[in-house]
Amino acid sequence: YPLYILAIFGAFREGELLGIHIEDCEISERTINLKHAVQYQIGRGVVITEPKTKQSHRAVKLPVFANDILRDYLQNLNKSQGLLFTTDSGKPINPRFLVRKFKEAIQAIGLPDIRFHDLRHTSATLLLKAKVHPKIVQERLGHASIVQTMDTYSHVLPDLQDEAADQLDRLINRQS
């Protein structure tokens, strides 16, 4: 449950989420500092690596309710395991396993077939719909450029265009 909350409201990629160390969580600041990722590498297995890009190294501020869930999760966690999410034996989780288990979970409860990565898209879409500046959305997602963010989430923009036109109408009507 905390894993899915962080996937949506932290907008983390699968490997980033699985690479979060306990010490990366600053509960008092409501922040997760993203410094690692978990990958499956042929011939090496599951390894802890650097995040995908330079911009992927980032601090993500959590909403209060997500931070509360994380705080409660941390209070009941075996701190010696290092990572926030591990296998029962304390090892890093294979991102492929996470995706497979996610698919099984959504099928079991009758949700539409979505990808784990769609949780990240949900986060970006919610932020843009809430009129969060696209530059902030780009930073939260760890995209290398705002162009990537805008190209990926342009489907959200028509509503924003309507709102921009309405704002201009209100501005002009106040000044008339």
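This text goes with the structure placed above it.
Because the structure is a prediction, the values reported are computed rather than measured.

Cut-offs used in this document
- Going along each chain's sequence as written, the residues are numbered from 1 onward.
- Local features are withheld for residues below a pLDDT of 70 in this predicted model, meaning they are given only at 70 or higher, and side-chain atom pairs are given and counted only at 80 or more; totals for whole chains, interfaces and linings count all residues.
- Hydrogens are left out, water is left out, and the side-chain values use all remaining heavy atoms of the structure.
- Only protein chains enter the accessibility calculation, which uses a 1.4 Å probe; a residue is then buried when its area is under 20% of its type maximum, exposed when over 50%, and partly exposed in between.
- Counting from the N terminus, the helices are DSSP H or I runs at least four residues long and the strands are E runs at least two residues long.
- By definition, residues are in contact when any of their heavy atoms lie within 4.5 Å.
- Think of a salt bridge as a Lys or Arg side-chain nitrogen and an Asp or Glu carboxyl oxygen that are within 4 Å of each other.
- We call a set of buried Ala, Val, Leu, Ile, Met, Phe, Trp, Tyr and Cys residues a nonpolar core when their side-chain atoms join them within 4.5 Å.
- Axis definition: a line fit to C-alpha positions, over the contact stretch in the case of helices; interaxial angles, taken between N-to-C directions, run 0 to 180 degrees.
- The scheme is simple: roughly parallel for angles under 35 degrees, roughly antiparallel for over 145, roughly perpendicular for 65 to 115, oblique for anything else.
- For a crossing to be left-handed, the near helix must be turned anticlockwise from the far one by less than a right angle; the clockwise case is right-handed.
- Three classes are used, and their members are as follows: Ala, Val, Leu, Ile, Met, Phe, Trp, Tyr, Cys and Pro are nonpolar, Asp, Glu, Lys and Arg are charged, and the others, Gly among them, are polar.
- Each pair of aromatic rings taken from Phe, Tyr and Trp, with Trp reduced to its six-membered ring, is defined by centres within 6.5 Å and is described as stacked if the planes are under 30 degrees apart, edge-to-face if over 60, and tilted in the remaining cases.
- At least two DSSP bridges between two strands are needed for those strands to be called paired.

A. Region of interest: helix α1 (residues 2-9). Of all the 8 residues making up α1, 6 are buried; the element is thus mostly covered by neighbouring parts of the structure. The complete set of buried residues in α1 reads P2, L3, I5, L6, A7 and I8. Residues of α1 that are buried make contact with α2 (14-18), β2 (31-34), α3 (64-75), α4 (95-108) and α5 (117-129). Within two residues after α1, A11 carries a phi angle of roughly 60 degrees, on the positive side.

B. Representation of the pattern of salt bridges within the structure. Within this structure, the stated rule accounts for 8 salt bridges. A salt bridge links D68 to R71, with the nearest nitrogen and oxygen atoms 3.0 Å apart. One end of the pair, D68, and the other, R71, are both in helix α3, 3 residues apart, so they sit about a helical turn from each other. What makes D68 partly exposed here is its relative accessible area of 28%. Two residues, D118 and R115, come together in a salt bridge whose shortest N-O distance is 2.7 Å. Judged by its relative accessible area of 45%, R115 falls in the partly exposed class.

C. The nonpolar core, seen in detail. Counting residues in each nonpolar core, the largest one holds 29 residues, and the members touching the most others are L6, L17 and L84. Take this core: its biggest share by element is 5 residues, from α1. Each residue touching L6, except ones within four places of it in the same chain, is listed here: A11, F12, L17, I32, L62, L70, L84 and F85. Among the nonpolar cores identified, the runner-up in size contains 7 residues, and A124, L127, L128 and V137 belong to it.

D. Layout of the packing of α5 against helix α6 (residues 134-141). Between α5 and α6, the shortest axis-to-axis distance is 10 Å and the interhelical angle comes to 160 degrees. Classified by the interaxial angle, the pair formed by α5 and α6 is roughly antiparallel. When the axes of α5 and α6 are compared, the crossing they make is right-handed. Contacts between α5 and α6 involve R120, A124, L127 and L128 from the former and P134, V137, R140 and L141 from the latter. Its residues assigned to classes, the contact of α5 with α6 shows 6 nonpolar, no polar and 2 charged.

E. View of the packing of aromatic side chains. Throughout the structure, instances matching the rule amount to 5 aromatic pairs. Relative to F65, the ring of F9 lies with its centre 4.8 Å away and its plane at 80 degrees, an arrangement referred to as edge-to-face. Pair noted here: F9 is in helix α1 and F65 is in helix α3, with a separation of 56 residues, a long-range link. Looking at F9, the relative accessible area reads 25%, which means it is partly exposed. Consider the rings of Y73 and F85, whose centres lie 5.3 Å apart with planes at 35 degrees: the pair is tilted. Taken together, the residues Y73 in helix α3 and F85 in the loop between α3 and α4 connect sequence positions 12 residues apart.

F. View of the environment of A130. Secondary-structure assignment places A130 in the loop between α5 and α6. Here the alpha-carbon distance between A130 and L160, two residues 30 residues apart in the chain, equals 9.6 Å.

G. Main features of the pairing of strand β3 (residues 37-41). Inspection of the sheet shows β3 paired to strand β4 (residues 45-49) by 5 bridges, in the antiparallel sense. By the bridge assignment for β4, Q41 is matched with G45. In this antiparallel pair of consecutive strands, β3 and β4, the connection spans 3 residues, and G43 shows a positive phi of 85 degrees.

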